[in-house]
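Notes for the structure review
If you want the building blocks of each chain, they are given just below.
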Amino acid sequence: MEEVLRTNDPVKLSYAQHLLAEAGIEGFVADQHISAVEGNIGAFPRRLMVKSEDKLRADVLLAELRQE
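Below, the structure is looked at part by part. The structure presented is a predicted model; accordingly, all values stated were derived computationally and were not measured. (Residues numbered from 1 in each chain as written. Predicted model: local features only at pLDDT ≥ 70, side-chain atom pairs only at ≥ 80, totals over all residues. Heavy atoms only, no water.)

**Some remarks on the pattern of salt bridges**
One pass over the structure, following the stated rule, counts three salt bridges. The partner of Arg 6 in a salt bridge is Glu 3, with the nearest N and O atoms 2.7 Å apart. For Lys 55, the salt bridge identified is with Asp 59, shortest N-O distance 2.8 Å. On the criterion of helical spacing, the pair formed by Lys 55 and Asp 59 is a turn pair, its members being four residues apart in helix H3 (residues 55-67). Residue class for Lys 55 comes out partly exposed when judged on its relative accessible area of 22%. (Salt bridge = Lys/Arg side-chain N within 4 Å of Asp/Glu carboxyl O. Helix = DSSP H or I, 4+ residues; strand = E, 2+ residues; numbered from the N terminus. Buried < 20%, exposed > 50% of the residue type's maximum accessible area, 1.4 Å probe, protein only.)

Written out as structure tokens, the structure reads:
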């Protein structure tokens, strides 16, 4: 699995997951549980992961989102 986005923003993460799903790319949110354990203070960003073969397409889809 390859990381395509790392963020503390739950809205940005949700939108990125939506964009990937619309394109038929399966995403996986890593570090979701550690973020909940630490009280959502933002010390541990969540990572959005995709399969290696989907990384290039995911990077193109999320390019504008990562610039914000």
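**Some details on the sheet that holds strand S3 (residues 46-50)**
Strand order in the open sheet formed by three strands is S1-S3-S2, and the pairing between neighbours is antiparallel. Since the sheet does not close on itself, it has two edges, and those belong to strand S1 (2-7) and strand S2 (27-30), each with one partner. Between one strand axis and the next, the sheet turns by 25° as a mean value, whatever way the strands run. Looking at chain direction, S1 and S3 are connected through five bridges and run antiparallel. (Pairing = 2+ DSSP bridges. Axes fitted to C-alpha atoms, helices over the stretch in contact; angles between N-to-C directions.)

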